[in-house]
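Each chain, written out:
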Amino acid sequence: MWKSAHPYISNLIAYEPGKPIEELAREMGLAPENILKLASNENPLGPSPKALEAMRMALERAHFYPDGGGYFLREAIAEKHGLQRENVILGNGSNEIIELIGHTFLKPGDEVITAEYAFAVYTLIAQLFGAKTVKAPDIHYSHNLKATLEAITARTQEIFIANPNNPTGTMVNQEQIDAFMEEVPEHVLVIFDEAYYEFPDQPVDVVRYVRENKNVVVMRTFSKAQGLANLRIGYGLAPTPLAETLQKTRQPFNANGIAQVGALAALQDTDHIHTTREITRTGRMFLQEQFAELGWEFVPSHANFVLTRTGNGDQTFRALLQGGIIVRSMRSYGLPEWIRVSVGTPAQNERLITTLKKLYR
Ligand SMILES: Cc1ncc(COP(=O)(O)O)c(C=O)c1O
């Protein structure tokens, strides 16, 4: 019976997330609290304390369905960006926004352009709808917007630009983006994925293209700087008619009420975001210095993770697991010699580097 499954789905290789702490604890008989996970670019400080407090109270109302329209959270997000509530769509993580865009636009034979090294979910969702992913070759592990423009054909439906980019941590600047937007044909939807927006020293403004009613979606998430990855809440910003079309494709209660309340409090918790940015900046510098000391190439990062070339990513990943540390091998991203490491607290970064030095010196 399963042979009748859709061929796009039968041939799909499912997304492989960072190894869960609980899984390694089971496999190695370790206590979960002794395991260090630096694999999914989570916030090592935990959730915003204000979000935690708001969510504890909201739990009392867990028997009610959530406000599917997400009124208060969408209002607050819109205000933050100088937009209207109608421009905001909530997602079960920003991952879901990628899927909703797929539902809305992708047909078999369409083309989706991504960077050479890009977040794996863009390709997975394209495949789900029978669309083909075209990878524009990177320059120095960074988006090459010229090559991206050259890859556009009459079939191109979507272009994904993650800024900062995952898994490389690189950025394209305002000037490059503005020049790119001048050239993109109107039929092509440009999706700016800003999952790591809070981390660069000089962020880029792409929300202006939403205000100008361009064919764009800007995606953000509460999973990274706000530390709410477990709650699955993110959002998209788009010109009103586009946002309203995307709304038609979502489940009625796709963003749960606890997450909505937590995200609303986290949005206003500027102290937590500030501290997170600071420890990320210093931790990133520390890791990069240490990788250089180990003689390893790394890609200078603007995000809360660093990509470094250990020679054999799978081997480093496995060796670190023995020490109770989870990082990400980059084989599935076409970078088998590399690992990606999330920035942790100073103590966590030290533990990682001490273990690596024991292994490699
Ligand atoms: C570039 C990028 N976009 C989107 C996401 C999805 O995040 P979430 O679904 O947790 O919002 C991630 C998660 O790692 C990411 O790295």
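Before any of the text, the structure's been laid out above.
This one's a predicted model, so the numbers in the text were calculated from it and none came from an experiment. (Residues numbered from 1 in each chain as written. Predicted model: local features only at pLDDT ≥ 70, side-chain atom pairs only at ≥ 80, totals over all residues. Heavy atoms only, no water.)

Okay, the site of the ligand next. Close to the ligand lie 13 residues; Ser-94, Asn-166, Asp-193, Thr-221 and Ser-223 are nearest. Take Asn-166: an N or O atom from its side chain is 2.7 Å from an oxygen atom of the ligand. Tyr-196 has a polar side-chain atom sitting 2.7 Å from an oxygen atom of the ligand. Within the complex, the protein chains bury 93% of what would otherwise be the 390 Å² of accessible surface of the ligand. Tallied by class, residues from the shell around the ligand come to four nonpolar, six polar and three charged. (Near = heavy atom within 4 Å. Polar contact = N/O pair within 3.5 Å; in protein donor to acceptor, adjacent residues only side chain to side chain. Areas by Shrake-Rupley, 256 points an atom, 1.4 Å probe, with all protein chains shown as cover. Nonpolar A, V, L, I, M, F, W, Y, C, P; charged D, E, K, R; others polar.)

Let us now look at the pattern of salt bridges. For the structure on display, the rule yields 18 salt bridges. The closest approach of N and O atoms between Arg-208 and Asp-178, which form a salt bridge, is 3.5 Å. Taken as a pair, Arg-208 in helix α9 (residues 207-211) and Asp-178 in helix α8 (residues 174-183) lie far apart in primary sequence, 30 residues in all. The partly exposed category is assigned to Asp-178, whose relative accessible area is 22%. Arg-220 is paired through a salt bridge with Glu-194; the nearest N and O atoms lie 2.8 Å apart. On the criterion of sequence distance, the pair formed by Arg-220 in strand β7 (residues 216-221) and Glu-194 in the loop between β6 (189-193) and α9 is long-range, its members being 26 residues apart. (Salt bridge = Lys/Arg side-chain N within 4 Å of Asp/Glu carboxyl O. Helix = DSSP H or I, 4+ residues; strand = E, 2+ residues; numbered from the N terminus. Buried < 20%, exposed > 50% of the residue type's maximum accessible area, 1.4 Å probe, protein only.)

Attention now moves to the pairing of strand β5 (residues 156-162). By the criterion of burial, β5 is predominantly enclosed, with seven of the seven residues buried. Relative to β5, strand β3 (residues 111-115) runs parallel, the two being bridged by three bridges. Among the inter-strand pairings, Ile-113 is bridged to a residue of β5, identified as Ile-159. In this structure, β5 lies alongside β6, joined through five bridges in parallel fashion. If you follow Ile-161 over to β6, its bridge partner there is Phe-192. (Pairing = 2+ DSSP bridges.)

Take the pairing of β3 next. With five of five residues buried, β3 lies mostly within the body of the structure. Summarising the sheet, β3 and strand β4 (residues 132-136) pair through five bridges and their orientation is parallel. Following the sheet pairing, Ala-115 is matched in β4 by Ala-136. Running through helix α6 (residues 120-128), the crossover from β3 to the neighbouring parallel element β4 is right-handed. (Right-handed = clockwise from strand over helix to strand, strands pointing away.)

This part is about unusual backbone geometry. With an omega dihedral of -5°, the bond running from Asn-163 to Pro-164 counts as a cis peptide bond. Residue placement: Pro-164 occurs in the loop between β5 and α8. Following Asn-166, the chain continues to Pro-167 via a peptide bond in cis, the omega torsion being 20°. Here Pro-167 shows up in the loop between β5 and α8. You will see that His-140, though not glycine, has its phi angle at about 45°, which is positive. Checked against the element boundaries, His-140 lands in the loop between β4 and α7 (145-150). We note that Tyr-141 has phi near 65°; this positive angle belongs to a residue other than glycine. By secondary structure assignment, the location of Tyr-141 is in the loop between β4 and α7.

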